[in-house]
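# Geometric and topological summary
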Amino acid sequence: METAEIRRRWLAFFESKGHTVVPSAPLIHEDPNLLFVNAGMVPFKPYFLGQETPAWQRATSVQKCVRTGDIEEVGKTSRHGTFFQMNGNFSFGDYFKRDAITFAWELLTSSLEDGGYGLDPERLWATVYQDDDEAAALWLEHTSIPAERVVRRGKKDNYWHMGVPGPGGPCSEIFYDRGPEYGQEGGPEVDEDRYMEIWNLVFMQYELSAVRAKDDFDVAGPLPAQNVDTGMGLERIASILQGVDNLYDIDEVRPVLAKAAEMTGKTYGATGAKTAGESHPDDVRLRVVADHVRSSLMLIGDGVTPGNEGRGYVLRRMLRRAVRSMRLLGYDEPALPHLLPLSMERMSASYPELRTGFDRIAQIAYAEEEAFRRTLAQGTQILDTAVESTKGGGGDTLSGGEAFRLHDTYGFPIDLTLEMAAEQGLSVDREGFVALMDEQRQRAKADARAKKGGHANTEVWKQLRAAGETDWRAYEELSSEARVVGLVRDGESVEELLPGESGQVVLDRTPFYAESGGQVADAGVIGGDGSHLVVKDVQRPVKGLVAHTVEVVTGPLRVGGQVLAEVDPQWRVDACQAHSGTHVVHAALRQVLGPTALQSGSYNKPGYLRLDFAWGQALSADARAEIEHVANLAVRDDLPVSAAYMTLPEAREQGALALFGETYGEKVRVVEIGGPWSRELCGGTHVRRSAQIGAITLTGESSVGSGVRRVEAFVGMNALSYLATERALVAELSEIVKAPGPQLPERVAELVARLRETERELERMRRDQVTAAAGSLTDDAKDISGVTVVAAHVAGGGADDVRRMVLDTRGKLGEERPVVVALTGDGGAKPVVVVATNESARGRGIKAGALVRVAAQTLGGGGGGKDDIAQGGGADPAKVGDALAAVEREIGALS
């Protein structure tokens, strides 16, 4: 049974049981505590927390999820994968344990002909929380499972909570016995490879007041309503129904794995191991490729782009692990163009948007692979330098710090560092590397804990939200009479705000636009009853509630007071121009570059906009000019701007573009400019006709990540001011260079060429002077214990000059007797020292690297290199004479 069919059966079964089918939320969710949706219940969390009232009592979904905490375990076990799909059925105060258990048993054991999964009841085991007598009895009463296959387990295994105060409760897990070839007999407690967990039924029935660990928490009491949250791993049940060993062999993953094996010439599963933990390292790498290619496809499909932090870093890491694994398998050419389309073909059966958006997805992924290939080339050079330095110092182990720098700064994988260092006869200080990685992980965990702890700070907002939603009137009016329903200062609810204080004000209604969708918040004032407050920011701390960050000029302002909330009208006009301008520029980009130039993020404020979009290369000057021209034509044509509400499927059917990473409800707002020319889902404020935008002037274009570009523009009066400044600058330059505006580029290019030629001539003259001064160096050679030594300072000599002169002087002195040439120079920002020895000197144990270190230490710096030539430097140019004297003393000691 194909995975798409398993998914279909799940939704059909629960729909027949009165559940509303809810589409999967995007992997990027609005929860501030999560990088990605990591469980099927995440989109429903506000209902379980009591923050919102659900629209239905029963729901079912197949939710896209990504978990990266165990990324290093991918491919090593049958259970760990980054992207996965979670089948879920949910009850919000409706049915509870009995129905959850009977639904699960019916779907699992019903025949294929009856729409079930046809599992053998004799292979199913259930676990319950150790004190949950009710669940244990229900399993025996409503299913055919025998008592010996209902196992009681402790809090770590069978109690669920969110890791913070809130709902929690016991859970009941369902396991499938895969047979003796997969491990020991005895149930889940003995072997969780043989007995695979396929379904978890969570019974939320308690309010937890404190959570200290997975198995350490305080129960405040029962919840007002009992809820059910269940989850079945789609990939796990697919592996069972398809008769394969693990999730990497199912129909949605195996084609990519097989193609990777074909490309690398490897034979997957050659060892015949039944469990992933017993597999050959090549099998593990092939699974990493298959898993990460699919995960990257889904992440890019939901709007994530590679970057150096947050979600972008996770995506970049997975793409690079896939490419790295292919390299370790022996494949050095670009791999993603062969693998990503295969993954799309399999996943588009359930997610057709992957096919329609594949050009954009592929563009981003392939650009990241190419960037990583360049990183590997650069990292190889840096690694070679580090290896040379280590060997030059007589060492045989690359430091953990150097390996970590390669990994952290350049993205150079540690296993490649190990492999390539070994090829050159060096080991790597793994313990030092691991220690530094652990430090980094601890910092990341501390940040995550701090973020997670912020969840508790929303309690004050939940309490205010419980009194009712804010009547939000930003689309209709610029001023509203309102009542103060709440005041917050330093995260705590207060009864009044005094003059000079800052805090947040919650009103029963407001005309202020709260920051969202890339548009900054409105500015304005709130006043009444002798109070006057300046509005600095407007946010939605929880859904349905608008909070105004204010500074109190006069007051006090008290809870219950009547006020007038007024938006700065000019601010709103300028903000509308910028947001509508963003839509116009987006439409112009797609008209000029094609449909793959899709927006991936935006930011706009009065007079300014920036827009990130999928594109693999810098825009030419002609392309930028054409985009600007198309955008301003739309302004000139005074196109109508309208907004309408509809369902998300209706909006998609009309071709409305959705911003990646945004979460949309059942009803969405579609903003059109010129009808179908620009049609996007948007909650922002807009002009009424495009001519009201005013001029649009592109001011910059740059890269913000692999396959993602950014354009910036001024709008309205800011655009006119920018153009006026540019005109004045052109006039001033024309006066300086004595050329009219149209001839400026040619005239400036001519002046720059003459300047560069003058600089080259001056450099030639300087080098000639240095060389002339160095011509008599051999005349000043000394004999130190039978070694011919030239030790001198070259005034004005840079590193390249000094190195060339050292080699030239050593060559003139020949090989008849031992020779050491040591020169210092001060032509750069810091003093430099270069030492060279001939073969005769090295035969007496005199090595350039050792001599350079002596000189560099005297200069207050460091250095190293090979035995025949080495280079170093320092910070104190006044000590070059001392450094040369130290070299001479060292030669004397060695001779």
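Reading the values: rules and limits
- Residues numbered from 1 in each chain as written.
- Predicted model: local features only at pLDDT ≥ 70, side-chain atom pairs only at ≥ 80, totals over all residues.
- Heavy atoms only, no water.
- Helix = DSSP H or I, 4+ residues; strand = E, 2+ residues; numbered from the N terminus.
- Buried < 20%, exposed > 50% of the residue type's maximum accessible area, 1.4 Å probe, protein only.
- Phe/Tyr/Trp six-rings, centres within 6.5 Å; stacked < 30°, edge-to-face > 60°.
- Lys NZ or Arg CZ within 6 Å of the ring centre and 35° of its normal.
- Expected span 1.5 Å × (residues − 1).
- Pairing = 2+ DSSP bridges.
- Axes fitted to C-alpha atoms, helices over the stretch in contact; angles between N-to-C directions.
- Contact = heavy atoms within 4.5 Å.
- Left-handed = near helix turned anticlockwise from the far one by under 90°.
- Nonpolar A, V, L, I, M, F, W, Y, C, P; charged D, E, K, R; others polar.
- Lys, Arg positive; Asp, Glu negative; His and termini not counted.
- Salt bridge = Lys/Arg side-chain N within 4 Å of Asp/Glu carboxyl O.
- Polar contact = N/O pair within 3.5 Å; in protein donor to acceptor, adjacent residues only side chain to side chain.

Cis peptide bonds are those with omega within 30 degrees of zero, and the linkage from G555 to P556 qualifies with 10°. Even without being glycine, D490 reaches a positive phi, approximately 55°. Assignment of secondary structure puts D490 in the loop between β13 (479-489) and β14 (492-494). Exposure remark for D490: the relative accessible area of 73% places this residue in the exposed category. Here the phi dihedral of D638 falls at roughly 50°; this positive angle occurs in a residue that is not glycine. Positionally, D638 belongs in the loop between α18 (621-636) and β25 (641-647). Accessibility expressed as a relative area gives 27% for D638, which makes it partly exposed.

Inspection of every chain in the model, using the stated rule, returns 26 aromatic pairs. An angle of 75° between the planes, with centres 6.3 Å apart, marks the rings of W105 and W139 as edge-to-face. Of this pair, W105 sits in helix α3 (residues 97-109) while W139 sits in helix α4 (residues 133-142); the two residues are 34 residues apart in sequence, bridging distant segments of the chain. Here the two residues W105 and W139 agree in accessibility, since each one is buried. Ring geometry for Y129 and Y159: centres 5.2 Å apart, planes at 80°, overall edge-to-face. A residue pair is termed long-range when its members are at least 10 positions apart, and Y129 in strand β4 (residues 124-129) and Y159 in strand β6 (residues 159-161) qualify at 30 residues. For the pair shown, Y129 and Y159 are each scored as buried. Through pairs of rings, three or more aromatic residues link up here, namely W10, F13, F14, Y95, F103 and W199. Of note, K155 hangs over the ring of F217, and the distance from its end group to the ring centre comes to 4.8 Å.

Taking 1.5 Å as the rise per residue, α3 with 13 residues should run 18 Å; its terminal C-alpha atoms sit 18 Å apart, in good agreement. Listed in full, the buried residues belonging to α3 are K97, D99, A100, I101, T102, F103, A104, W105, L107 and L108.

Across the twelve residues that make up strand β7 (residues 166-177), a large majority, twelve, are buried. Both β4 and β7 contribute to a ladder of four bridges, which runs antiparallel. Bridging from a neighbouring strand, A126 pairs with I174 of β7. By the bridge criterion, three bridges tie β6 to β7 in an arrangement that is antiparallel. Pairing of W160 across the sheet is with G169, part of β7. Here β7 pairs with strand β8 (residues 195-213) via ten bridges, running antiparallel. Looking at β8, one finds that S172 is bridged to L201.

So, about the sheet that holds strand β32 (residues 819-825). Spatial strand order, β30-β31-β32-β33-β35-β34: six strands in an open sheet with mixed pairing. The open sheet has two free edges, formed respectively by β30 (782-784) and β34 (862-865), since each of these has just one partner strand. Here the average twist between neighbouring strands, direction ignored, is 20°. In terms of strand pairing, β32 meets strand β33 (residues 832-837) through six bridges, oriented antiparallel. When the bridges of β33 are listed, A822 appears paired with V835. Docked against the sheet, helix α22 (residues 799-813) engages β31 (787-794), β32, β33 and β35 (869-873), running at close to 160° with respect to β32.

When you tally the buried positions in strand β24 (residues 608-614), you get six out of seven residues, the bulk of the element. Sheet topology note: the strand β23 (residues 599-605)/β24 ladder contains six bridges and is antiparallel. Its bridge partner being in β24, G601 is matched across the sheet by D612. Counted between consecutive antiparallel strands, the loop separating β23 from β24 contains two residues, among which G607 sits at a positive phi close to 85°. Two strands pair when backbone bridges link them, and β24 and strand β29 (residues 708-715) are joined in this way by seven bridges, in the antiparallel orientation.

Another point: the environment of G50. Note on placement: G50 falls in the loop between α2 (45-48) and β2 (58-66). With a relative accessible area of 59%, G50 lands in the exposed category. C-alpha separation for the pair G50 and R178, spaced 128 residues apart in sequence, amounts to 40 Å.

So, about the environment of A644. Mapped onto the elements of the fold, A644 is located in strand β25. Judged by its relative accessible area of 34%, A644 is partly exposed. As a C-alpha pair, A644 and R754 span 110 residues in sequence and 61 Å in three-dimensional space. Excluding residues within four positions of it along the chain, A644 makes contact with V668, R669 and V670.

For the rest of this paragraph, the subject is the packing of helix α8 (residues 281-301) against helix α12 (residues 358-392). Two elements in contact, α8 and α12, have axes separated by 9 Å at closest approach and are oriented at 120°. The hand of the α8/α12 crossing is right-handed. Between α8, through L297, I300 and G301, and α12, the contact on the second element is made entirely by F358, R360, I361, I364 and A365. Its residues assigned to classes, the contact of α8 with α12 comprises six nonpolar, one polar and one charged.

Moving on to the sheet that holds strand β26 (residues 667-673). Strand order in the open sheet formed by three strands is β25-β26-β27, and the pairing between neighbours is antiparallel. The open sheet has two free edges, formed respectively by β25 and β27 (678-681), since each of these has just one partner strand. Here the average twist between neighbouring strands, direction ignored, is 25°. Alignment of β26 against β27, held across four bridges, turns out to be antiparallel. Considered in β27, the bridge of I673 is made with S678.

Take E369: it is sitting in helix α12. For the buried E369, which has no salt bridge, the nearest side chain bearing the opposite charge is R373, at an N-O separation of 5.6 Å. Separated by 3.0 Å, the side chain of E369 and the backbone nitrogen of L336 make a polar contact. Those residues in contact with E369, other than ones at most four positions away along the chain, are V323, E333, P334, A335, L336 and P337.

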